[in-house]
Amino acid sequence: MASPAPHSAAVPAPPEADPVAIRACLPAEVAAVFDAEWEHVLEAAKRSKDLAGVRDLLQNWRHHAYQELREPGAYFRMLATAARAQATRRAPQGSVDEAEMRARIDARLAEAGLDEPGHR
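Now for a look at the structure at hand. For clarity, every value in this text was computed on a predicted model and none was experimentally measured. (Residues numbered from 1 in each chain as written. Predicted model: local features only at pLDDT ≥ 70, side-chain atom pairs only at ≥ 80, totals over all residues. Heavy atoms only, no water.)

**Describing the overall build of the protein**
- Along the backbone of the protein there are five helices and zero strands.
- Listing the helices and strands of the protein from first to last along the sequence gives α-α-α-α-α.
- Relative to its full complement of 120 residues, the protein shows a buried share of 22%.
- In the protein, the share of contacts with a sequence separation of at least 24, taken over all contacts with a separation of at least 6, comes to 59%.
- Approximately 8,800 Å² of the protein is accessible, and the part contributed by carbon and sulfur atoms is 57%. (Helix = DSSP H or I, 4+ residues; strand = E, 2+ residues; numbered from the N terminus. Buried < 20%, exposed > 50% of the residue type's maximum accessible area, 1.4 Å probe, protein only. Contact = heavy atoms within 4.5 Å. Areas by Shrake-Rupley, 256 points an atom, 1.4 Å probe, with all protein chains shown as cover.)

The structure is reproduced here in structure tokens:
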């Protein structure tokens, strides 16, 4: 009798740059933060007639949503790490310089299929 194939967890696909798709990936507490930012950006867009802020918000939250899918709780861990760094005025343990961070971001974008022009 053949042994079953090992179970491998599939990496989820990133959500579309759409508020409904993004929100569906977020736990309730994080979705509330998204909702507040969404309302603020929409009001600013109404006043300015410029959608750049809306596009920027969706792109930013697309990354947060994807990270939440991959590592639940990532958003609030990121906020806690930033708060500690500000309070102590020290970079978190394991921090990398700007060049290394850019390389990591580019690699993740490529992995997610977001390395084409217009996706940043």
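**A look at the layout of surface pockets**
- By volume, the largest pocket amounts to about 1,100 Å³.
- Forming the walls of the largest pocket are 32 residues, and the residues nearest its centre are Gln67, Met78, Met101, Ile105 and Arg108.
- Of all the elements in the fold, those that place two or more residues in the lining of the largest pocket are helix 3 (52–70), helix 4 (74–88) and helix 5 (98–111).
- Ranked by the residues each element gives to the lining of the largest pocket, the list is headed by helix 3, at 10 residues.
- Taken together, the residues of the lining of the largest pocket sort by class into 14 nonpolar, nine polar and nine charged. (1 Å grid on protein atoms, 1.4 Å probe; cavity = no way out; pocket = protein on both sides within 12 Å on 5 of 7 lines; lining within 4 Å. Points joined across faces, edges and corners; volume = space filled by probe spheres on them. Nonpolar A, V, L, I, M, F, W, Y, C, P; charged D, E, K, R; others polar.)

**Observations regarding the pattern of salt bridges**
- Applying the stated criterion across every chain, the model contains six salt bridges.
- Glu43 is the partner of Lys46 in a salt bridge, and the nearest nitrogen-oxygen pair spans 3.1 Å. With Lys46 and Glu43 both in helix 2 (residues 28–48) and three residues apart, the pair spans about one turn of that helix.
- By relative accessible area, Lys46 is classed as exposed at 52%. (Salt bridge = Lys/Arg side-chain N within 4 Å of Asp/Glu carboxyl O.)

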